[in-house]
Amino acid sequence: SVAACVCDTGYFGTGASGSGCSACPDDSSTDSVDSRVDSACLCDEGTYMTSSGTTCVTCPNTMTCPRGSSIANFALYLGASGDDVSKQYPQLQERYWSSASDPMSVFECSSSEYCPGGDPGACSTGLTGQACEHCYSGYWWNEDHCEQCWDVETTSLLFPIIPLVLMP
């Protein structure tokens, strides 16, 4: 029968009577029967696939890992939207930040208002840099948010003249 030639959920491969089926790694499973390749094995929620592509490990306590999370998906799908479980990657919790170039190197922010969590590199509006501690160039921190500098504050022509006018 055809059923004897397909692999059950949690297995992948081909072969008569399931003889060519291999089990998915610990903490992972396939979404359906008849999965033919090992990449069909998706890590369970709370775990992520390491860069080796063969092991699911526990999600760091600074992140959340939806089902299907994988280190490889950072490079492929960072910033993309959607619920496709095969495109998931670990997400930062509020008050934590990491760069898009090194997403698993996580820094704690001084406030969850600065670091909203989610994708690596994400900062609240107007903030940038490691742990979202700086305003963008041309902006200043007013103790509540980043505010744009006035033209007079940023001009390089007026700055040398102001001290001369204000000096006694």
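Procedures and definitions
Residues numbered from 1 in each chain as written. Predicted model: local features only at pLDDT ≥ 70, side-chain atom pairs only at ≥ 80, totals over all residues. Heavy atoms only, no water. Helix = DSSP H or I, 4+ residues; strand = E, 2+ residues; numbered from the N terminus. Buried < 20%, exposed > 50% of the residue type's maximum accessible area, 1.4 Å probe, protein only. Disulfide = S-S within 2.5 Å.

A. Just unusual backbone geometry, in detail. The backbone phi angle of Arg-95 is positive, close to 80°, even though this residue is not glycine. Secondary-structure assignment places Arg-95 in the loop between strand S8 (91-92) and strand S9 (96-97). Despite not being glycine, Cys-132 shows a phi value in the positive range, around 55°. Structurally, the position occupied by Cys-132 is in the loop between strand S11 (127-128) and strand S12 (134-135). Under the relative-accessibility criterion, Cys-132 is labelled buried at 0%.

B. Main features of the state of the cysteines. For the structure shown, the criterion picks out seven disulfides. A sulfur-sulfur distance of 2.1 Å marks the disulfide that ties Cys-24 to Cys-41. Handedness here is read from the sign of the S-S torsion; for Cys-24 and Cys-41, about -75°, the answer is left-handed. Residue Cys-24 is located in the loop between strand S2 (21-23) and strand S3 (28-29), and its partner Cys-41 is located in the loop between S3 and strand S4 (42-43); the two are separated by 17 residues in the primary sequence. Taken individually, Cys-24 and Cys-41 each receive the classification buried, so the pair is uniform in this respect. Disulfide pairing is shown between Cys-59 and Cys-65; the S-S distance is 2.1 Å.

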